[in-house]
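Reading the structure
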Amino acid sequence: MTPPAAASAAAFRTDGPSTDPAAAAAAATAESQAPAPAGLPGTGDEDPEERTAAVPPAASDQGPKGPTGAQFSRPRGMFSSLRIRNYRYFFAGQVVSNTGTWMQRIAQDWLVLSLTGSPLAVGITTAMQFLPMLLLGLFGGVLADRMPKRRLLIVTQGAMGLLAAGLAAMTIGGVVTPYYVYAFALLLGLVTVVDNPTRQAFVSEMVGPKDLANAVSLNAANFQTARLVGPAVAGLLIAAVGSGWAFAVNALSFVAVIGGLLAMRTSELRPIEPIAREKGQLREGLRYVKERPELLWPMVLAGFIGTFGFNFPTLLSGFAYDTFKVGAGQYGLLNTAMAVGSLAGALLAARRGAPRLRWLVGAALGFGVLEVFAAFAPGYWSFAVLLTLIGIFGLSFNTSVNSMLQLATDPAMRGRVMGLLVLVFTGGTPIGAPVVGWVTDVYGPRLGLLACGAVSALAAGVVGLVLARSADLKLRFDLHPGRGGRVVAFVPRAGARDRSELAAAC
């Protein structure tokens, strides 16, 4: 049978320009005989450009191509992907659901703390929720490739809603114990193992490659907006009626997500044919990433950033209580400053369009350097300002690596690749958090943050050099670049081979 990667590469090229003249001519003929796309003109529900299989030769110069042949172009506006009807339904459901998710996070931590009086118990709850991702994250990606993603999301979102409803009933009924909360957190983590890579891979089926980077950025902006609203609403609800009702509101929020998925026009989706169940599909996904430097090295960088760079719950509490000697309100303001920066970073990424590898490495480097600067911040307010900048660069890296890996991956492999990304980015938390926590406890939060920033910056520098070497590029400095030139730029080495796909992605 045809290998999944080869078959999926052919399927993906129907969304972008073909480099084979015969294939392009055949695709153009099929396009002319195909029925018109669904949707009424002028409603914004259709996008004829995205359904075109071949583009005129002049269009090939509008932007670089990804490793799968997708044409990279600038977005048609900060909110361009919202012109697509199915994505609007998905986005609206996520606005409600993400707010409910943040409400449950706050309420869950407060419930465990009120039941036990122990911060360690809160840490155990978090570990129980993230542990399944560390152990089973790759298998979740395999399931995402084997099953229709929209149907699978309806199941996983429904399961999350039922878990929230169960925890709400036990809490309101007064029968909840810490062990029940641990169990619910573990079950939620098991569902998330499948839901997370499926939800990320499903974005490309809604919007196509042209708007993928914009949609990923808007999803991040959606999440960060909920991060600003959800905890505040949860605090008011907990104070008024108790934690149980925050869980109940979260359970109801999944109705919006499932309703949006059911209301989608399936004829306007770009579904990828699920792969048949076979042995070795997990190893095939790992081998697929290993053999492609444009996937492997961004994944390695994401692992270092996720494991060591994003340990802010431990670090910020240390700065608030030990370094700056402030109360709970000022501690919350530090989290708000980072959330504001993250929201700004997501919106800026939505304007930028499809990312390049140099942007990815640059965002990671800026993130690490800013953490180093923040470690030496002289006062509370200067630290808060630096946290806002850290949020901008951190979210820029997050959205860039997400959209770049999706654009560079064959569709039949996308679930496994995204499952691996989730594993290295969030699954490293149970490993990095205790290490950072130990450094912070023994040597103080400043040295802890300094170590996190140094590791992130060093990883970005090494990965950048490896990518440049693999693509036969070198760094050029020109103090007089002229109009439209760059002071610092990557250029081909002398005697380098023909410009490769990796070099084009840089």
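Residues numbered from 1 in each chain as written. Predicted model: local features only at pLDDT ≥ 70, side-chain atom pairs only at ≥ 80, totals over all residues. Heavy atoms only, no water.

Turning next to the overall build of the chain. Counting its secondary structure elements, the chain contains 18 helices and two strands. When the 506 residues of the chain are sorted by exposure, 50% land in the buried category. For the chain, the proportion of contacts with a sequence separation of at least 24, taken over those separated by at least 6, is 83%. Total accessible area computed for the chain in this model is approximately 22,600 Å², and 67% of it derives from carbon and sulfur atoms. (Helix = DSSP H or I, 4+ residues; strand = E, 2+ residues; numbered from the N terminus. Buried < 20%, exposed > 50% of the residue type's maximum accessible area, 1.4 Å probe, protein only. Contact = heavy atoms within 4.5 Å. Areas by Shrake-Rupley, 256 points an atom, 1.4 Å probe, with all protein chains shown as cover.)

Bringing the packing of helix α10 (residues 293-309) against helix α13 (residues 357-375) into the picture now. At a closest axis distance of 11 Å, the pairing of α10 and α13 adopts a crossing angle of 20°. For the element pair α10 / α13, the angle class is roughly parallel. Between α10 and α13 the crossing geometry is left-handed. Within the contact between the two elements, α10 uses Glu294, Pro298, Leu301, Ile305 and Gly309 and α13 uses Leu357, Leu360, Val361, Ala364, Phe367 and Glu371. For the contact of α10 with α13, the class distribution of residues is eight nonpolar, one polar and two charged. (Axes fitted to C-alpha atoms, helices over the stretch in contact; angles between N-to-C directions. Parallel < 35°, antiparallel > 145°, perpendicular 65-115°, else oblique. Left-handed = near helix turned anticlockwise from the far one by under 90°. Nonpolar A, V, L, I, M, F, W, Y, C, P; charged D, E, K, R; others polar.)

Summed over all chains, the structure comprises six salt bridges. We note a salt bridge from Asp145 to Arg416, for which the minimum N-O separation is 2.7 Å. Residue Asp145 is found in helix α4 (residues 119-146), and its partner Arg416 is found in helix α15 (residues 414-426); the two are separated by 271 residues along the sequence. Neither Asp145 nor Arg416 differs from the other in exposure class; each is buried. Through salt bridges with shared partners, one network takes in Asp145, Glu284 and Arg416. (Salt bridge = Lys/Arg side-chain N within 4 Å of Asp/Glu carboxyl O.)

What follows covers the packing of α10 against α15. Any two packed helices are characterised by the angle at which their axes cross and by the distance between the axes. Axis separation between α10 and α15 bottoms out at 7 Å; the angle between their running directions is 35°. Residues Met299, Ala302, Gly303, Ile305, Gly306 and Thr307 of α10 lie in contact with α15, whose contacting residues are Val417, Leu420, Leu421, Val424 and Phe425. In terms of residue class, the contact of α10 with α15 is built from eight nonpolar, three polar and no charged.

Time to look at the nonpolar core. Ranked by internal contacts, the top residues of the largest apolar core, which has 54 residues, are Met299, Leu301, Phe383, Ile390, Phe397 and Leu421. Listing elements by their share of this core, those giving two or more residues are α9 (281-290), α10, α11 (312-323), α12 (328-352), α13, α14 (380-407), α15 and α17 (445-470). Per-element tally for this core: the top contributor is α14, with 10 residues. If near-sequence neighbours (up to four positions away) are discounted, Phe397 is found in contact with Leu301, Ala302, Ile305, Leu360, Ala363, Ala364 and Phe425. Residues Ala168, Met170, Phe247 and Ala248 belong to the second largest nonpolar core, which totals 23 residues. (Core = buried A, V, L, I, M, F, W, Y, C linked by side-chain atoms within 4.5 Å.)

This part is about the environment of Leu186. In this fold, Leu186 is placed in helix α6 (residues 178-207). Sequence-wise, Leu186 and Gln129 are 57 residues apart; in three dimensions their C-alpha atoms are separated by 5.0 Å. Setting aside residues no more than four positions away along its own chain, Leu186 makes contact with Met128 and Pro132.

Here the focus is unusual backbone geometry. The backbone of Lys325 sits at a positive phi, close to 55°, despite the residue not being glycine. Tracing the backbone shows Lys325 in the loop between α11 and α12. Residue Lys325 is classed as exposed on the basis of its relative accessible area, which comes to 63%.

The subject of this paragraph is α9. For α9, the set of buried residues is Gln281, Glu284, Gly285, Tyr288 and Val289. Buried residues in α9, looked at end-on, bunch into an arc of 135°, giving them a common side. In α9, the exposed positions angled more than 90 degrees off the buried face are occupied by Arg283 and Lys290. (Arc of directions from axis to C-beta.)

Mean pLDDT over the chain works out to 78, with 76% of the residues at or above the 70 mark. Every residue in residues 1-73 is under pLDDT 50, and counting partners more than four places away or in other chains gives 104 contacts. (pLDDT = per-residue confidence, 0-100.)

Our focus in this paragraph is the side chain of Thr156. Locating Thr156 in the fold gives a position in helix α5 (residues 149-172). A distance of 3.1 Å separates a polar atom in the side chain of Thr156 from the backbone oxygen of Leu153. (Polar contact = N/O pair within 3.5 Å; in protein donor to acceptor, adjacent residues only side chain to side chain.)

Tallying each qualifying case throughout the model produces 17 aromatic pairs. Ring plane angle 50° and centroid distance 5.5 Å describe the contact between Phe324 and Phe383, whose orientation is recorded as tilted. Of this pair, Phe324 sits in the loop between α11 and α12 while Phe383 is found in helix α14, placing the two residues 59 residues apart along the sequence. The residues Phe324 and Phe383 share a single accessibility class, namely buried. Aromatic ring contacts, followed pair by pair, group Phe310, Phe312, Phe367, Phe397 and Phe425 into a single cluster. (Phe/Tyr/Trp six-rings, centres within 6.5 Å; stacked < 30°, edge-to-face > 60°.)

A separate point is the side chain of Thr99. Looking at the element boundaries, Thr99 is found in helix α3 (residues 85-116). When residues no more than four places from it in sequence are discounted, the contact partners of Thr99 are Ala226, Val229 and Gly230.

A few words on a nonpolar patch on the surface. A surface patch of nonpolar side chains, amounting to about 590 Å² of accessible area, comprises Leu131, Leu135, Leu136, Phe139, Leu186, Leu187 and Leu190. Those elements that provide at least two residues to the nonpolar patch are α4 and α6. No other element matches the four residues that α4 contributes to the nonpolar patch. Along the chain, Phe139 turns up in helix α4. When its relative accessible area of 47% is taken as the criterion, Phe139 is described as partly exposed. (Patch = residues over 30% accessible without salt bridge, like charges linked within 9 Å, V, L, I, M, F, W, Y side chains within 5 Å.)

The next subject is the environment of Ala251. Position of Ala251 relative to the elements: it lies in helix α8 (residues 243-263). Sequence-distant contacts of Ala251, that is, excluding residues within four places in its chain, are made with Gly161, Ala164 and Ala165.

Checked against the element boundaries, Ala164 lands in helix α5. Note: C-alpha distance between Ala164 and Leu252 (88 residues apart in sequence) is 8.8 Å. If we ignore the near neighbours within four places in the chain, the residues touching Ala164 are Gln104, Phe247, Asn250 and Ala251.

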